[in-house]
Structure formats: C-alpha cells, structure tokens
Amino acid sequence: MEQSTSYRSHTCGELRMEHAGQRVKLAGFLDNVREVSASLAFAVLRDFYGVTQLVVEDEALLTQLKELNKESTLCVTGTVRKNPKLPTGDIEVVPETIEVLGRCRHNELPFPIARSREADESARLKYRYLDLRNEAVKHNIVLRCQVVAALRAAMIEKGFLEITTPNLTASSPEGARDYLVPSRKHPGKFYALPQAPQQFKQLWKHAVNREHIKLFQPFFRRIRLGRIGMFRHYIGDILKQFKVFNFKPRFLFIRLVYRLLETTQILENIPVKGCPV
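Residues numbered from 1 in each chain as written. Predicted model: local features only at pLDDT ≥ 70, side-chain atom pairs only at ≥ 80, totals over all residues. Heavy atoms only, no water.

Draft legend 1. The environment of K189, seen in detail. By the element assignment, K189 lies in the loop between β7 (180–182) and β8 (190–192). You can call K189 exposed: its relative accessible area is 56%. When the C-alpha atoms of K189 and A170 are compared, they prove to be 9.9 Å apart, with 19 residues separating the residues in sequence. In this structure K189 touches P182 and S183, once residues within four positions along its chain are discounted. (Helix = DSSP H or I, 4+ residues; strand = E, 2+ residues; numbered from the N terminus. Buried < 20%, exposed > 50% of the residue type's maximum accessible area, 1.4 Å probe, protein only. Contact = heavy atoms within 4.5 Å.)

Shown next as structure tokens:
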C-alpha cells in the first residue's frame, strides 16, 4: 500500500541501502535524542512502521531539537546515507530541515513508551493514547486485525454471509447482571448490552432454515458481548467484555458441521506470524 503523503515520502521502517543518496521526507514521533557534541547528535524518529536514526550535524537544527520533548511530532526532510557501523540498520538520515507538527508539552512522560506494559494499570488506562504507541500493544492490535480478516475471508469463501446484530437490546434474564444503558428519550427506561443475544440469531436462523423461504445464505457473525462478572464480591463490579464468533449453516447434520470446520481449517491456516493458535 502506498504510504506517501504530503508529510512523508517514505515510512520510518521502509528505508534500505538502495535508498542511499536519495532525498526523503519522514514524519513521526521523536523517540530519543543523544547529544554527542555541540554540533553532533543522534535522534530516533518512530512511526507505526518502524524507526529511523537521524544524524544531526547542523548546530541550528541541534538547537531546535534540544528544545523539543520526547513524543513531539516531527516532519524531517533530509538525505539517506549509508552507515555500515550502525547496529540497528545500514542507513541513517541527515536532516536538512525539521518541522514541528506537534509539540509535546510535558518534560517527562508518565511512563516510557517502550516499557508501558510494566506501568501501573491505572496509569496505562489514563494515558491510553501513549500505551497504544508501545510496540507490543501495537502488534496485538495488528494481529487481531489479521486474524479477523482471515476468519472473514475463510467463511465468505465457503459461501457464508456475514451479518451484524444490535449492540443495544432489551434486558433478558441471564446468569450474570446486565450492563445497563439509560435512555435519554425515555426517562427511567434502560437498554442493556447483550449477554448472549440469541433472539437475533433465532430470527436469522428461521429465515435461513425454512425451506419454503430461503431468503438468506448460511451466516456467521462476530459480536461483542458484555456482562458484569459474578466475582464482584472479590474484585468489585467489573464489566466483562468478550467477543463471540458463531455461524449457522443450512441443512447440515452435525458431522457435516465438524467436516466444515475441518476442511475450512480457519484457525490452522491463519497467515499470521506469531499467532498463538
């Protein structure tokens, strides 16, 4: 996918030896600065795709860089240069101009981005936008996206139709307590997050299975469910959120359902490196 914009010609994880000598434009967060002398400093620029080392050899640019805090957003224009001694890669960028797109006002962050998973949970939730910049957290988000895409592609290939069902519904008697959402237009009335919204699935199931109707294909769905945990006496009222993946074939015996899962091999063939399944 083409990632070039008016703010960058390449991403920070894209540059290689073949780009040496080219004039490039990068944009990202200021990850770190190491000052060597009055006219030399090394800086690391980070974006979603990787990191690139900057070698600042101009005193004016170095002065500008020293005034910035970590996590400031920069747009850097410079020339790619070979550096075979660099342990993290073969290239570096010598900046010609540095444009500050967003200045971080805080001299110190609540926790280091690279070690945000070691921070206190309440701090991570309060500064969630910083926690999401952590490489491991980002990897999990990308992994989930790839897994869902692989599941969807496998089911559609088998002739299933993806459907969505409402996230707000009427309260129904379940094993756990409902998570209620008050209605603005109807004072004193509440919606509930679905714990196991079987009503919607049953509607679709009857539309699929009635031989004289056959309005829809076999279907599958991914839905987020919510319930307040039963262990509230020990850990307080905690909203348990989880996702369910279910599907409904048409006119199949149970052994054929098993065969469908085996032949589809959804989980075994997910093309994701590092997937735990």
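Draft legend 2. How the structure looks around the environment of E18. You can see E18 is positioned in the segment before β1 (23–37). Along the sequence, E18 and K82 sit 64 residues apart, while their C-alpha atoms lie 9.3 Å from each other.

Draft legend 3. Representation of unusual backbone geometry within the structure. For E71, which is not glycine, the phi torsion reads 75° and is therefore positive. Relative to the elements of secondary structure, E71 occurs in the loop between α1 (59–66) and β4 (73–82). Since its relative accessible area comes to 7%, E71 is described here as buried.

Draft legend 4. Main features of the nonpolar core. By size, the foremost hydrophobic cluster in this structure holds 20 residues, and its most contacted members are L15, L45, L65, L74 and V93. The set of elements that each furnish at least two residues to this core consists of β1, β2 (40–47), β3 (50–56), α1, β4 and β5 (91–102). Beyond its immediate sequence surroundings of up to four residues, L15 is in contact with H10, V24, L26, T52, V80, I91 and V93. (Core = buried A, V, L, I, M, F, W, Y, C linked by side-chain atoms within 4.5 Å.)

Draft legend 5. Structural view of the environment of F29. Along the chain, the position of F29 falls in strand β1. Separated by 42 residues in the primary sequence, F29 and E71 place their C-alpha atoms 4.9 Å from one another. Discounting chain neighbours no more than four positions away, the residues touching F29 are V44, L45, R46, E71, S72, T73 and R133.

Draft legend 6. Representation of the pairing of β1. Looking at chain direction, β1 and β4 are connected through seven bridges and run antiparallel. By the bridge assignment, L26 is partnered in β4 with V76. Pairing of β1 with β2 involves seven bridges; the strand directions are antiparallel. Bridge pairing links E35 to A41 in β2. Taking the residues between adjacent antiparallel strands as the criterion, β1 and β2 are bridged by two residues. (Pairing = 2+ DSSP bridges.)

These results come straight from atomic positions and should not be treated as a statement about function.
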